[in-house]
Structures are given as structure tokens and as C-alpha cells.
Amino acid sequence: MSSTFLNASQTSNPRATTAVGGDFLCEAFDSQTIRTMEKPLLDMGVPLMRTAAAAVATTARVMLAHIDVDLDQADVVVLAGGGDNGGDGLYAAAELSKAGATVSVVAVGRSLHPQGLEACLRDGAEIVALDPNAIIPGCVTPSDAEESSQRLEDTLAYVSSSHLVIDAMTGIGLHGSLRGIPAAIAIALGEDGTLPERPALPSGIEAHELPLVLAVDEPSGIGIDDGSLPGAYIPADVTVTFGAPKPCNMLPPAAYACGQATVVDFGFDTEHIEPSVRATTIDASSQCMRLPYLSDSKYTRGVVGLVTGSDRYPGAAVMSSKAAGLCNVGMVRYCGPRRAEDMVLTAMPEAVMGVGHVQSWILGSGVTVDEDDAQRARIRRILSGYDTANGEGRGTDPADENESEIPESGTDAARETRHGMNDSARLTLSVNASEGTNAASEEFTQPFVIADAGALSLLPDHVSANVILTPHAGELASLLSARGEEVSSQDVQAEPLKWATRAWELTGATVLLKGAITLIVFDDGLGNPSVLTSGFAPAWTGTAGSGDVLAGVIGAIVAQNADALRENPYGIGECVAAGAYLHGIAARVASGSYQRGWTLPLLCDPHHARDYVQRLGTVLEGGSYATKPALGHAIVASDIVAQIPPALTLLIENQVSYIAELAEDTVEDDGNDGIAHDGDADSDDGEIVEMDDIDGDDMASDDIDDNDDDSGDTDVTDADIAGTNHDGSRDA
């Protein structure tokens, strides 16, 4: 398998790469923060609206070229609200109309941005008003509700026959669901609070139905800051967002409605601003892979203990144990029933049976919630040591344990006799480590716990942050319901950020909520939730045992980072996200698929328009650096396990390359402090990089000029996208 990487930025723009863990395209900022960053630029007279509109118009040209529609033959409809978002759309409409397209602007409210309207009228765009109370110069409004209804019906019929719809109704200005005319349009053209029922295909090969949809800043109707779908919305094929990504570009389910996102760089200084959401990256994940040392032994490389599997589901024991053992640790200890124990030894003869010194516990995978057996008793005993109501989660002295509380399993009598009941009492053994310097560090002297599946129902009311929960939506709903919340699995799927954060608040644990885009919620060190996402696994990952593999991977990563996490307890989120990332890459290698839950946004530098045009055209044709037209094939969990070593190699080699580059930078520049700062990284080794050939074949060329697409026929100049054709500026 090739482990050569391609740079995601594709340009020399310093926005393309930043220090490890902080790539500009992988940090999302809430709407209020975006407005705060815009204000000083507006105060200086920077023409943000004109730049935004030019980027939208350029994107529209590329999308039309993608479906082989010449601009002078194109029917374009712009749905325009009355605010700045509508103004962006109006200026884009004026530019497209001036270039020869047939452009109709549908005013969905009672007014339109004055300067944008003037530009549209000057350049020949048609204006249609739907609200009988609208006051729009140069436009005839409906006389009454009946005429308004008929005009809406006629407009929807025309929109359905157009080539491209530009959605500029609300942008980031709406909180809550659409109402009135915008809601009626969204219901007719899009979805009403649910995801579209369509196959999960790689970008670039989806069978797009006309009209294509281009969202201005964000699709109208989605939850900008929480990633929800509160009501009617219009899913976009491409979203052009301004200044920086917003949370909805990364959070499910809204991120699925954004299509291919593009970020228009306004030059925001985000270096010292904490993002609302971060997407994990290959560089950040690579830093969580411990490199071997000359002084290492099996104990210093990390030891993982597992209480997984049951007589009913022994395969979970095998999946979780093998995944942990293949993920860069020194030893795996397994505790379970005889049948599962024998299967683990057959699959992994180097595994050690019984308990002992560990840096992490993996609990509950394949353990049923309706049986009160020895496995559940072991899990309950371990978790009791993390109960913050019981000694502040510092664990208990094994010598004080009441061994009679651990029941014997009827099928395990011989095994229990062989190991002795002292093994059960020793399940609460902590890692031998020096005392931490703060409360969080003291908590982290205990082994980490990954509580999965059957362990979730045994969780104490409140635990320490080194307990990591890994539920899917249904399991999270059950956990929350047991704590008094009225929530269903459907509720969790509709608002995953809300409910994952609520679980973090109620339990004190680090929470990983599984999904096509997985969420990780953890303490930021100040008592606030910090949010990471990982969306790199293909839809084929949804197979029995995949969650058992994920638990094993995460357990191994936190075990090998136990010492580092005692120094920096709040790095736990990065380690958990790295586990999700590694699991996703292994699934992609196993399935041969380039489909995934989340795709890196493109960067649109207003001063390098041709670069952006070529990149977007390549993405739409399905031949980008980030995606290939390969859906892949179905897999089982053991296929994912088998591809952990090559996926791990990918991350380790990336870390080694990064270390080598830092060393070179230090030699070349004596004044360099050896840390990659914002904009300092070499353009050939960006933060977001991809395996370009998961099957080990020849690498695809990174020279986009070799791709035979029509995007180059749009005759776009750097001046066009820089927005020099309009005088309007973005209102504060």
C-alpha cells in the first residue's frame, strides 16, 4: 500500500496549512464570532459582499460547465432574502446576467438589498416578488393572497425546470426554522427536517438531478451553530461559505446538506480564537501514535485490558482484542468466559488471559444488558472505582475488595478455579504513576476506561473524565433516559451535538457518539465542552462488530499515551478522535471506497481564481485529491481489523515526516523555534492529507491540468473573483 500523501490546499496560500491540529479549513466558528471577525474589515471599507458575490458567480459558472450548459444557454434562479445574504445573491445574479445567462431573482421577503437590486436591474436580471406586502422598486407585487399563491406555484414550476438555483434566502442570519414563503419554497424544492433518502456515493459521481443548488454562505433552513435540521431546508450540491467554516459545515446532520463546501478566504485572523468545532486531521491523529523507544518493553508501550464478549457474542471479544493488539501497544490482557477466551487465544496467541497491570480497560463490547453474569460483575466492579461519588473517582484498594461479590459463571467454573477469585478483586488495580499536579491529572493516574455497549448501562451516575463512552444513537438515548431525559434514538440523530453534550454534562465522561460523522465531546480544561469530529469512514463501516473494533483501537491509543495524558489530561479528546480517524482509514482501505461522511472544504483565495476554478471542476468531475469515483465494496469487521496495520503505518510515517521537516527547518533557520506556526508549513505537506491510492496502485497525478474537464472554459480571471466589478460592500 502506498503511503504517499497529497496536500489538500493545492495552493501556496498560507491558509492552506497551519500548525499540527489547527488547520484553517478544519476549524468552525459560530455565527456571532464570524460577525465579530467581519466587523473590523467592514470598518476599514473592505468590500466583503463584492468578494463573496464574485466567488458565488464563479462557482455557478463552474457548476454549469460541469453539466455542459453554456452560460448564454443557462437558466438561473436566485432565491433572495432581504438581508446581506440576499445581497450576495443579487450581486452574483447581476454578474451572471451581464455575462449572458438568463437570470430570474425571486424575492422571498418584503424587501431586497438596495444596491444589489440596483445592480440586477442594471444588468438585466428579472425580479419576481411573491409577498403581496413587498415594497421592491421596479417590481410588480401580487395584489392579494390569491395572486401570491398562484405566483408561487408558477415560480416553483419555473424553478424546477431551471439549470441552477442559487439559494440566498437566509445564510447565517436565521435561528430556528424557516417560515412563510421561504419555508414553502424549501418544502417544495428540498426536505422538511429529514435527510434525503439517497445512496452514500463518493463526491463527483452522484447522479445530480436538475436544478443544481448552490447555497450562498449556508443552505437556508439548517441549524448554523448546532448542525441540526429544525425544519424545511434546501440541500445544496455546493455551498460557498464566507470567511471561515461554520459549525454546520462539520456537524451532522446539517453537514450532509452542504454538499461540497468552499471557504472564501476573507483574511480573518483566527490564530487566537477558539473554534466552536474542530475536525480531526491526519497530522493531529498522527501525533497520537507513540513511536518506539530503545528502552521500551511491552509494559512501557502500553497494556490494554479487555472485559468484552460473552457466551452469546464471543466474536466481540476477538474483534476488540485483535484491534487493540494490532494498534501499537505492547500487550493485551483478556478477561471473559471460557468460550470467548479460547477464541481470543486462537486468533491471537500472544494475548494474556487474566488481569494485571494495564493502562486502559475496554469494557462491554458484546456483553448483553439482560444477563447478570460474571462479565457484568467485572465491569461493574471496575466502573465503581471511577464513581466520583465514591472517593472522588480515585478507585479503591484491592485489598479491601469483598471477593464474594464477584459471582462465578456456571460455564466458567474451571477457569475461575484456575485464576482464583483474587483476579476478580484485582480488576480495580491502578497504573503505578506519580501523583498529578491537578485534579484532572490525579484522575488520570487510573487506567482509562472505554465503556461500550453493555457497559453503558452499568455506568455510575457521574464518573471521571478518563472514562470514555462510545455509544451509538440508540445507546445514548437509553443512557440519557436512565438519567431523567426524555429523548429517543430519533432525537439523538436529529440533534447529535445537543445530546452528546448533555451526556457529557450529566456523566462527566468523555463522550464519543458514533455516526457517519462521529462526535467527540470532552472537557476543554475550563469546564466547558470541546467538540471534535471525525467523518473519514465510508458508509460500508456500518457492519456488525465495527463498534467492537473501534473500542479496541481507542483503548490502544489512550493506553500508549497514558504518560502524556497525565501531563496534559485535556488531550484525551485528540486521542479519542485519533482512534475514530484510524478506524475510518482502515475501513476505507478495507472497502476500497473513497466515500466518507465528511469532505474537506475547498479553499477559495480571491486572488488565485484560476486555481479555485480548476480544483472545483476537478472535484465535480470526481477526480480530486480528496475523492475518487470509487464506491468500493461491502466489508465485515474482521476486514477492518486486517487493515489496521497499513492504516497505522500511514499515520506513523506522517509523524516521522513531520519530525524530519521540523529538523530541516531548524537547520535552515537558526532563528526558527522548531514549531510550525500558522502559514509556515511547506505547501507539500499540509494538515489535511489523504492516501491517494488505497489499493497500492500507481498514484493519480496531482496535476489538475491533466484532467479533461470544462471548468477551464469559464474564462474567469483573478480580478473577477476578487470582486472588482461591483461597488457594493458587505453591510455590517
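Residues numbered from 1 in each chain as written. Predicted model: local features only at pLDDT ≥ 70, side-chain atom pairs only at ≥ 80, totals over all residues. Heavy atoms only, no water.

Describing the overall build of the protein chain
Step number 1: Secondary structure summary: the protein chain contains 23 helices and 23 strands in total.
Step number 2: The buried share among the 732 residues of the protein chain stands at 60%.
Step number 3: If you take every contact in the protein chain between residues at least 6 apart in sequence, the share linking residues at least 24 apart comes to 76%.
Step number 4: Only carbon and sulfur atoms are counted for the fraction: they give 48% of the accessible area of the protein chain, which is about 27200 Å². (Helix = DSSP H or I, 4+ residues; strand = E, 2+ residues; numbered from the N terminus. Buried < 20%, exposed > 50% of the residue type's maximum accessible area, 1.4 Å probe, protein only. Contact = heavy atoms within 4.5 Å. Areas by Shrake-Rupley, 256 points an atom, 1.4 Å probe, with all protein chains shown as cover.)

Here we look at the sheet that holds strand β10 (residues 238–242)
Step number 1: Taken in spatial order, the eight strands make up an open sheet running β5-β4-β3-β6-β8-β10-β11-β22, and their pairing is parallel. Here the strands that pair on one side only, and so sit at the sheet edges, are β5 (126–129) and β22 (602–604). On average, each strand axis in the sheet is tilted by 20° relative to the strand beside it, whichever way the strands run.
Step number 2: Across six bridges, the pairing between strand β3 (residues 75–80) and strand β4 (residues 102–107) is parallel. Residue pairing in the sheet places aspartate 75 in a bridge with threonine 102 of β4. (Pairing = 2+ DSSP bridges. Axes fitted to C-alpha atoms, helices over the stretch in contact; angles between N-to-C directions.)

Let's talk about the pattern of salt bridges
Step number 1: Inspection of the entire model under this criterion finds 13 salt bridges.
Step number 2: Of the charged contacts, one joins aspartate 43 and lysine 39 as a salt bridge, the two residues approaching to 3.0 Å between their closest N and O atoms. Pair noted here: aspartate 43 and lysine 39 are both in helix α1 (residues 31–43), with a separation of four residues, about one helical turn.
Step number 3: Assessed through its relative accessible area of 55%, aspartate 43 is described here as exposed.
Step number 4: Since its relative accessible area comes to 45%, lysine 39 is described here as partly exposed.
Step number 5: Taking the shortest distance from any N to any O, the salt bridge between arginine 502 and glutamate 485 comes out at 3.1 Å. Placement of the pair is arginine 502 in helix α16 (residues 496–507) and glutamate 485 in the loop between α14 (473–481) and α15 (489–494), with a sequence separation of 17 residues.
Step number 6: Here the residues in one salt-bridge network are Glu485, Arg502 and Glu505, joined through shared partners. (Salt bridge = Lys/Arg side-chain N within 4 Å of Asp/Glu carboxyl O.)

Some thoughts on helix α5 (residues 145–160)
Step number 1: Helix length check: α5, at 16 residues, gives a terminal C-alpha distance of 22 Å against a target of 22 Å (1.5 Å per residue), a fit within 8%.
Step number 2: Residues of α5 that are buried include every one of Ser148, Arg151, Leu152, Thr155, Leu156 and Val159, and no others. Angularly, the buried residues of α5 cover 140° about the axis, an arc narrow enough to put them on a single face. Opposite its buried face, α5 presents the exposed residues Glu146, Glu153 and Ala157, each directed more than 90 degrees away.
Step number 3: Against the buried residues of α5 lie β3, β4, β5, β6 (164–168) and α6 (180–189). (Expected span 1.5 Å × (residues − 1). Arc of directions from axis to C-beta.)

Let's talk about the sheet that holds strand β20 (residues 518–523)
The strands that make up a sheet pair up through hydrogen bonds in the backbone, lying either parallel or antiparallel.
Step number 1: Reading across from one edge, β2-β12-β21-β20-β19-β18-β17-β16-β13-β14-β15 is the order of the eleven strands in this open sheet, with mixed pairing throughout. Here the strands that pair on one side only, and so sit at the sheet edges, are β2 (27–28) and β15 (352–353).
Step number 2: Direction of pairing for strand β12 (residues 277–279) relative to strand β21 (residues 529–534): parallel, over a ladder of two bridges. Bridge pairing in β21 places alanine 279 opposite threonine 533.
Step number 3: Sheet strands in contact with helix α8 (residues 314–325) are β13 (303–307), β14 (331–334) and β16 (360–363), and its direction is about 160° off that of β14.

Notes on helix α4 (residues 114–122)
Step number 1: Along α4, the residues that are buried comprise Gly116, Leu117, Ala119 and Cys120. Along the axis of α4, the buried positions cluster into a sector of 160°, meaning they face one direction only. Turned more than 90 degrees from where α4 packs its buried face, Pro114, Glu118 and Arg122 sit exposed.
Step number 2: Buried residues along α4 sit against α3 (84–98), β4 and β5.
Step number 3: One or two positions beyond α4, positive phi appears at glycine 124, with a value near 95°.

Regarding the confidence of the model for the protein chain
Step number 1: In this model, the protein chain carries an average pLDDT of 82, and 78% of its residues clear a pLDDT of 70 or more.
Step number 2: Across residues 1–22, confidence stays below pLDDT 50; counting only partners more than four residues off in sequence or on other chains, it has 87 contacts.
Step number 3: Segment residues 716–732 is flagged for pLDDT under 50; beyond a separation of four residues in sequence, or across chains, it makes 57 contacts in the model. (pLDDT = per-residue confidence, 0-100.)

Some details on unusual backbone geometry
Working note: non-glycine residues mostly have negative phi, and peptide bonds are mostly trans.
Step number 1: Across the junction of proline 252 and proline 253, the peptide omega takes the value -5°, indicating a cis bond.
Step number 2: Looking at where proline 253 falls in the secondary structure, it is placed in the loop between β10 and β11 (260–264).
Step number 3: In the Ramachandran plot, aspartate 68 falls in the positive-phi region, its phi being about 60° despite a non-glycine side chain.
Step number 4: With a relative accessible area of 59%, aspartate 68 lands in the exposed category.
Step number 5: With a phi close to 45°, alanine 453 is a non-glycine residue in the positive phi region.
Step number 6: Examined against the element boundaries, alanine 453 turns out to sit in the loop between β17 (448–451) and β18 (467–469).
Step number 7: Exposure remark for alanine 453: the relative accessible area of 22% places this residue in the partly exposed category.

Concerning the environment of serine 481
Step number 1: Within the fold, serine 481 resides in helix α14.
Step number 2: A distance of 3.3 Å separates a polar side-chain atom of serine 481 from the backbone oxygen of valine 487. (Polar contact = N/O pair within 3.5 Å; in protein donor to acceptor, adjacent residues only side chain to side chain.)

Concerning the packing of α8 against helix α17 (residues 546–560)
Step number 1: Packing of α8 against α17 leaves a shortest axis separation of 7 Å and a crossing angle of 35°. With respect to the hand of their crossing, α8 and α17 are arranged in right-handed fashion. Across the interface between the two elements, Ala316, Met319, Ser320, Ala323 and Ala324 from α8 touch Asp548, Val549, Gly552, Val553 and Ala556 from α17.
Step number 2: Classifying every residue of the contact of α8 with α17 gives seven nonpolar, two polar and one charged. (Left-handed = near helix turned anticlockwise from the far one by under 90°. Nonpolar A, V, L, I, M, F, W, Y, C, P; charged D, E, K, R; others polar.)

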